[in-house]
Structure formats: C-alpha cells, structure tokens
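For reference, the chains in residue letters:
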Amino acid sequence: MLERLQSLEDRYNKLTEMLSDPEIVSDTNKLREYSKEQAGLQDVVEAYREYKSVVQELKDAKEMLEDDLDDEMYQMVKGEISELSERKEALEDKMKILLLPKDPNDDKNVFMEIRGAAGGDEAALFAGDLYRMYSRYAESQGWKTEVMEAHTTGVGGYKEIIFMISGKGAYSKLKFENGAHRVQRVPETESGGRIHTSTATVAVLPEAEEVEVEINEKDIRVDTFASSGPGGQSVNTTMSAVRLTHIPTGIVVSIQDEKSQIKNKEKAMKVLRARIYDKYQQEAQAELDETRKSAVGTGDRSERIRTYNFPQNRVTDHRIGLTIQKLDQILEGKLNEIIDALQLEEQTKKLEQIGEKE
C-alpha cells in the first residue's frame, strides 16, 4: 500500500510541475485533463503526507524514551506515543478507503427524476415533498438546483419533476436515492383520518459530457409543440416546447419549461444524453452480476428502498436496516446521517471484496 501511495504522491508532484508549464496552460484540453487528475489525487496525497509526518513524529518520540527522562517527562512522551499510534491507525484506515476503486461518475452533476407512482394525488404530493427535501439538501451542500421540467397536479405536488443538481460530488452522495420511496400518512386530500400508503419513484442519472455519449443528429427526431399548463390549457401560442426522440434506443424527452424553443432543446439534449449514458451503464452493469449484487442503491429502480412513516416520525432505509426517528428533519434536507451510512456500507463491501481476492 505504501509503495502505491508513494507513486501517487510522485504523480501528484509531477502534475503540479506540468500545470505550471506555459505550453500546458495554453492548451485548454490538457489543462482541464491534468487539473482533474490532480484534484482526484488530492485527498489521498494529503492523507499520505500527514501519515508520513505522524510516522516520523512517532519514531522521534520512541527514540526519546531511550534518553534519561524524569518520570513526568517519561509519562508525557508515553502519552504522546499512544496518541500518535491512534492517529497512525486512523490514517491507515482512511487511506485504505481512499485507495478503493472509485465510481467514475462520483464527481459528476446529476439529473434527478421524481414521479408520483401508486396513490394518485397523495403520491404526487409526496413527490413534491421529496423534491423539496433534495433541494434543501443540495442547498446545504452548496450545490445548485435547476428545474428542467415539471408537471404539477391540481392539488399541488408533481406527477413528474426533472431537475439538475450541480456541484462537486453530487452523484457520489445522491446515487443511493435510486428506487421506490414509500410514504405512510393520513393524506392531506382526505379528512377520514386513515393512514394511507403511497409511493414515488426516484431516478438519479449522472450528467454525461458530449465526449462520453456521441449522439448523431440523424438519430434524433425533433418535434415542436405549444406549451401547456395544468389541465392542458395553452400557456403560449408559440411552438416553444420540444420533444426529442432518440431513434436507436427509443428514449423520448419532452421539455417545455422555458419560453424559448432553443433553451428547451438545450435542456432536452442534456437530459437525453444523461438517459442514453445511463441506459448503456445499466446494460453493462447487468452483465456484471457480482458488481450489481454489491451495489447499494444503483440496482433495480422498482426496488422499495425507503419508508417515510409520518405517525411515528420515522424513516427506514430497507437496504441497510437503518431506522431514524427524525422524519421531520430529514424532509428538511438533513440527509447526512442516511447518506453517510449508505456510503460506509458501500465502502465496507468493497473492502470485503478486496479481502476475498487477496
């Protein structure tokens, strides 16, 4: 492990030199490529440098014990050795995790698609609650949220909402949200006081860059139509809404959120690219049964992953058996406890797999 860490630090130092080279600075593609590579190495290199510093301090402290020390100084050095040994062990564990194979999509922005499923109006209201929850969470992370398309209902909430969350590491934290989310509560739309169960589905797609998904213009059918508001009434007379159909895959994206046809087409292309990229990824992942089994939340989107129980103020994530009595806080976007637990589970499974191979 230490040899590998040293080689990564050497590469990091080499990249630092290269990024100050005027030839590379003037080449936009190389500058972006090397900057991205260096940023990907930063956390592990910083941990390794701290580790080397702690190892040296530990060595110096142990050598001090060989000197003729009075009792007070001896106990102080022993305490320092104990503290440094704990730091060394913690850093070793941290570096093991940082060296785990990374999901290549982890640093990407994401598209999230929430749809009301079983439960009619109540499912649409719950879809609205989920959208608000993710928006609040994104805000707490310093990320930006942009609605791409939304279909509201007469009682509030959404039949469907598609939005983009932009920020470093967005996919690494939100990829676990894929699946069916279930809510148990007395519906706002009913006065009978009975607890109903409704569901909404969440899909999380990493943003795909043009170089990752090449789309031939000949493979896309473009249809334009007049935007419509709730209930189907026309909200403008221009043909600003855009529907893109990717003929090879049959994927269809309709966007009417903007008043400009050009802007709607730009948004639709971003969503289309992400859906095509995700389709190819899902197909590739289906071939790797072991990888699919070890994934925590990137599997079948029809799988029920979480229950939100209002009467008991409880949220349960069924994949890892986690139950938290803080539903009110979670719906305000305080998702760290759940996401941290899911990330830890993923890391643990990866470490187990490496252990089995060794």
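For the structure, see preceding data.
Computed from a predicted structure; not experimentally measured.

Q: Residue-level account of the overall build of the chain, with values.
A: In terms of helices and strands, the chain carries 10 helices and 11 strands. Summarising the internal contacts of the chain: among those between residues at least 6 apart in sequence, 61% fall at separations of at least 24. For the chain, the computed accessible surface area is about 19,900 Å², with 47% contributed by carbon and sulfur atoms.

Q: Account for unusual backbone geometry, with residues named and values stated.
A: Positive phi values are uncommon outside glycine, yet Asn 313 reaches one of about 50 degrees. Counting through the fold element by element, Asn 313 comes out in the loop between β9 (304-309) and β10 (314-317).

Q: Requested: an account of the sheet that holds strand β4 (residues 179-185), with residues and values cited.
A: The mixed open sheet is built from eight strands, whose spatial order is β2-β3-β1-β5-β4-β9-β10-β11. Only two strands of the sheet have a single partner each, and these edge strands are β2 (144-152) and β11 (322-324). Neighbour-to-neighbour, the strand axes of the sheet open up by a mean angle of 15 degrees, direction not taken into account.

Q: Residues and numbers for the packing of aromatic side chains, please.
A: Tallied over the full model, the rule gives four aromatic pairs. Relative to Trp 143, the ring of Tyr 137 has its centre 5.7 Å away and its plane inclined at 85 degrees; by these criteria the two rings are edge-to-face. Here Tyr 137 and Trp 143 have matching classes, each one buried. Every member of this aromatic cluster is reached through a ring pair, and the members are Tyr 131, Tyr 158 and Phe 163. Above the face of the Phe 310 ring, Arg 185 is positioned so that its terminal group lies 4.7 Å from the ring centre.

Q: Run through a nonpolar patch on the surface, naming residues and quoting values.
A: Among the surface-exposed residues, Met 64, Met 73 and Met 76 lie close enough to one another that they form a single nonpolar patch of about 260 Å² accessible area. As for its position among the elements, Met 76 is in helix α4 (residues 71-98).

Criteria and thresholds
Residues numbered from 1 in each chain as written. Predicted model: local features only at pLDDT ≥ 70, side-chain atom pairs only at ≥ 80, totals over all residues. Heavy atoms only, no water. Helix = DSSP H or I, 4+ residues; strand = E, 2+ residues; numbered from the N terminus. Contact = heavy atoms within 4.5 Å. Areas by Shrake-Rupley, 256 points an atom, 1.4 Å probe, with all protein chains shown as cover. Pairing = 2+ DSSP bridges. Axes fitted to C-alpha atoms, helices over the stretch in contact; angles between N-to-C directions. Phe/Tyr/Trp six-rings, centres within 6.5 Å; stacked < 30°, edge-to-face > 60°. Buried < 20%, exposed > 50% of the residue type's maximum accessible area, 1.4 Å probe, protein only. Lys NZ or Arg CZ within 6 Å of the ring centre and 35° of its normal. Patch = residues over 30% accessible without salt bridge, like charges linked within 9 Å, V, L, I, M, F, W, Y side chains within 5 Å. Salt bridge = Lys/Arg side-chain N within 4 Å of Asp/Glu carboxyl O.

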